[in-house]
Amino acid sequence: MPVATPEQYAEMLDRAKAGGFAYPAFNVSSSQTVNAVLQGLTEAGSDGIIQVTTGGADYFAGHTVKARATGALAFAKFVHEVAKSYPITVALHTDHCPKPALEDFVLPLIAASEEVVADGGQPIFQSHMWDGSAVPLGENIEIAQELLPRLKAINAILEVEIGVVGGEEDGVRHEGSNDALYTTVADVTAAVEGLGLGEQGRWIAALTFGNVHGVYAPGNVKLRPDLLGEIQEGIAAKFSTGPKPLDLVFHGGSGSTDAEIATAVRNGVIKMNIDTDTQYAFTRAVAGFMFSNYDGVLKVDGSVGNKKAYDPRAWGKVAESAMAARVVQSTQQLGSAGKSQS
């Protein structure tokens with residue numbers, strides 16, 4: 001199946017962990033960006049994850065209304081249909097749901113999947129993120145404890161953020177001490193004590209090691225991917241597990257070096273979010289097209305322009321292919337290129 005079943009998604013994550021690579025998880029906000037991801041993954045021969053935030057879901061629903069659950073469901077239905085034409089496997093995920101958005105984003109989507117599963121179907125999304133980074137750690141874990149059993153019951157996975165990713169995404173900004181940008185072993189110990197290590201339901205952890213959302217110049221952010229290895233060792237010792245007991249997620253990775261990405265993956269990262277870089281690739285191609293076809297896309301000095309130039313499909317294809325090329329680059333950086341289970 002082009003969209004992974006829960007069993008296929010679990011196998012994807014297990015293969016990444018065992019094989020020492022990670023899947024790129026691309027944020028999308030339109031049918032064009034979905035198609036760009038599917039094109040790029042196919043060109044790379046890679047499986048991957050397609051995800052939507054609250055803002056992306058709002059945009060899918062129509063920018064003049066606020067109906068993010070509707071937008072997310074529309075996104076999922078679109079992917080389920082168009083992905084049938086591509087020879088790769090993708091999983092669907094909801095990204096960054098802070099506490100104020102639970103009631104109109106993730107909880108309605110879980111309820112929708114519960115109905116489908118009760119009728120013998122598969123969950124609409126294979127995983128959901130609860131972003132409790134803006135609340136105290138205890139409350140973060142308590143809410144995760146409420147969500148995890150419901151996701152386990154529909155065979156879906158919970159993503160939890162332990163720590164704070166700096167910068168801003170979809171209007172949510174985290175500011176404060178730089179110390180908050182680095183998750184500690186004590187933080188993760190509390191999470192494991194509350195959520196278990198899979199027996200209560202599978203969850204993956206977005207730990208922070210200096211990550212910042214958005215654009216930043218090299219050297220402006222101090223990433224410490226070795227910290228992930230230290231946390232893995234601490235948890236393995238604390239709970240008497242094998243090596244790398246945690247499945248990890250890399251947020252805020254724009255501008256990261258290949259070496260930083262490789263170290264993070266070596267320390268257990270199996271999913272890396274990609275957003276800023278693909279947004280730029282898409283829009284930069286549109287800008288280039290408009291500048292190069294100025295007299296065609298505009299009716300300058302009373303002319304009629306060139307319909308072949310201002311047809312949205314003309315510049316849309318260019319934008320999708322440019323974003324697809326950035327998708328291919330991500331799969332190569334993370335090692336998933338050429339490893340599609342399809």
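Given the structure is predicted, the values throughout are model-derived calculations rather than measurements.

(A) Molecular detail of the environment of A314. By secondary structure assignment, the location of A314 is in helix α13 (residues 312-334). Assessed through its relative accessible area of 21%, A314 is described here as partly exposed. Sequence-distant contacts of A314, that is, excluding residues within four places in its chain, are made with F289, K308 and A309.

(B) Spatial organisation of the pattern of salt bridges. This model, assessed by the stated rule, comprises 12 salt bridges. For K66, the salt bridge is made with D58, and the minimal N-O distance between the two is 3.9 Å. Residue K66 is classed as exposed on the basis of its relative accessible area of 73%. E114 is paired through a salt bridge with R150; the nearest N and O atoms lie 2.9 Å apart. With a gap of 36 residues between them, E114 in helix α5 (residues 102-118) and R150 in helix α6 (residues 137-153) connect regions that are remote in the sequence. Judged by relative accessible area, which is 27%, E114 ranks as partly exposed. Owing to a relative accessible area of 29%, R150 belongs among the partly exposed residues under this scheme. Put simply, D14, K17, R202 and D247 are held in one network by salt bridges that share partners.

(C) Seen up close, α13. The end-to-end C-alpha separation of α13 is 33 Å, in line with the 33 Å expected for 23 residues at 1.5 Å each. Here α13 has its buried residues at G316, A319, E320, M323, A324, R326, V327, V328, S330, T331 and L334. Directly beyond the C-terminal end of α13, a positive phi value near 85 degrees is found at G335.

(D) Local environment of the packing of helix α10 (residues 276-292) against α13. At a minimum axis separation of 8 Å, α10 and α13 run at an interaxial angle of 145 degrees. Pair α10 / α13 crosses with right-handed handedness. Where α10 approaches α13, its residues D277, T278, A281, F282, A285, V286, F289 and M290 are matched on the opposing element by A314, W315, V318, A319, E320, A322, M323, R326 and V327. Here the residues of the contact of α10 with α13 sort into 13 nonpolar, 1 polar and 3 charged.

(E) Examining the packing of aromatic side chains more closely. Per the stated rule, a full pass over the model turns up 4 aromatic pairs. Centroid distance F60 to F75: 5.5 Å. Interplanar angle 50 degrees. Geometry classified as tilted. In this pair, F60 is assigned in helix α3 (residues 54-61) and F75 in helix α4 (residues 68-82), connecting sequence segments 15 residues apart. By the burial criterion, F60 is buried, and F75 matches it. The structure contains a cluster of three or more aromatic residues connected by ring pairs, namely F60, F75 and F125.

(F) Just the packing of α4 against α5, in detail. Closest axis-to-axis distance for the α4/α5 pair is 8 Å, and the angle between their directions is 50 degrees. Between α4 and α5, the angle falls in the class oblique. Note on packing geometry: the crossing formed by α4 with α5 is right-handed. Residue-level contacts link R68, A69, A72 and L73 of α4 to D104, F105, P108, L109 and A112 of α5. Here the contact of α4 with α5 is built from residues that sort into 7 nonpolar, no polar and 2 charged.

(G) Structural context of the side chain of S113. Among the structural elements, S113 can be located in helix α5. The residues touching S113, leaving out its near neighbours within four places in the chain, are P123, I124, F125 and I154.

The rules we used
Residues numbered from 1 in each chain as written. Predicted model: local features only at pLDDT ≥ 70, side-chain atom pairs only at ≥ 80, totals over all residues. Heavy atoms only, no water. Helix = DSSP H or I, 4+ residues; strand = E, 2+ residues; numbered from the N terminus. Buried < 20%, exposed > 50% of the residue type's maximum accessible area, 1.4 Å probe, protein only. Contact = heavy atoms within 4.5 Å. Salt bridge = Lys/Arg side-chain N within 4 Å of Asp/Glu carboxyl O. Expected span 1.5 Å × (residues − 1). Axes fitted to C-alpha atoms, helices over the stretch in contact; angles between N-to-C directions. Left-handed = near helix turned anticlockwise from the far one by under 90°. Nonpolar A, V, L, I, M, F, W, Y, C, P; charged D, E, K, R; others polar. Phe/Tyr/Trp six-rings, centres within 6.5 Å; stacked < 30°, edge-to-face > 60°. Parallel < 35°, antiparallel > 145°, perpendicular 65-115°, else oblique.

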